[in-house]
Amino acid sequence: MRWESETFVQVRRHSRVFEVVVRGEIDYDESDLLGAAWDEADEYDMPATVVDLTGLTFGDSQLLRSLLDARRRHQANGRVFVLLGPLQESVTRLLTISGTLEHFTLTNSRAEAVRTTGGW
């Protein structure tokens, strides 16, 4: 976990779900924070990972690459990968313009994420 001004990536382990909370702006300079979170998710190998993007105000191609990589890693190991929104307009735009939005499981509430992952 690393805190810099208002940007941070925090991980939480629940009984069945690994949660990654992202706040602020993620670009090249912060992309290593997400990489460390995915490595930790792989290490704990829980059935599901939920990525809380509700507080993410900006992401660039580095964010997109990182999310796609994490999704691929989870699928390869038979684990569920869920994005928790609602997403900020800039993040929705990034996923939409890149044509990748439909590749992610997106939930718009914590309750919906719990149902999607089968419980925390």
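Our structure's up above, just so we're on the same page.
Since the model is a prediction, treat every value here as computed from it, not as a measurement. (Residues numbered from 1 in each chain as written. Predicted model: local features only at pLDDT ≥ 70, side-chain atom pairs only at ≥ 80, totals over all residues. Heavy atoms only, no water.)

Grouped together as the largest cluster of nonpolar side chains are 25 residues, with contacts concentrated most on Val22, Trp38, Val51 and Leu67. The dominant element in this core, judged by the number of residues it contributes, is helix H1 (residues 31-44), at five residues. Filtering out sequence-adjacent residues up to four positions away, Val22 remains in contact with Phe8, Val9, Leu34, Val51, Asp52, Leu53, Gly55 and Leu56. Ala48, Val50, Ala113 and Trp120 belong to the second-largest nonpolar core, a separate cluster that totals seven residues. (Core = buried A, V, L, I, M, F, W, Y, C linked by side-chain atoms within 4.5 Å. Buried < 20%, exposed > 50% of the residue type's maximum accessible area, 1.4 Å probe, protein only. Helix = DSSP H or I, 4+ residues; strand = E, 2+ residues; numbered from the N terminus. Contact = heavy atoms within 4.5 Å.)

In total, this model carries twelve salt bridges according to the counting rule given. In this structure, Arg12 engages Glu19 in a salt bridge whose closest nitrogen and oxygen atoms are separated by 3.7 Å. Counted as one network, the salt bridges with shared partners bring together Asp39, Asp42, Asp45, Asp69, Arg72, Arg73 and Arg79. (Salt bridge = Lys/Arg side-chain N within 4 Å of Asp/Glu carboxyl O.)

On to the pairing of strand S4 (residues 48-59). Counting buried residues along S4, nine of its twelve residues qualify, which places the element largely inside the surrounding structure. Where strand S3 (residues 17-26) and S4 come together, nine bridges link them in parallel fashion. Counted as the bridge partner of Arg23 is Gly55 from S4. Once you follow S3 into H1 and on to S4, the crossover reads as right-handed. Handedness of the crossover joining S4 and strand S5 (residues 80-84) through helix H2 (residues 61-76) is recorded here as right-handed. (Pairing = 2+ DSSP bridges. Right-handed = clockwise from strand over helix to strand, strands pointing away.)

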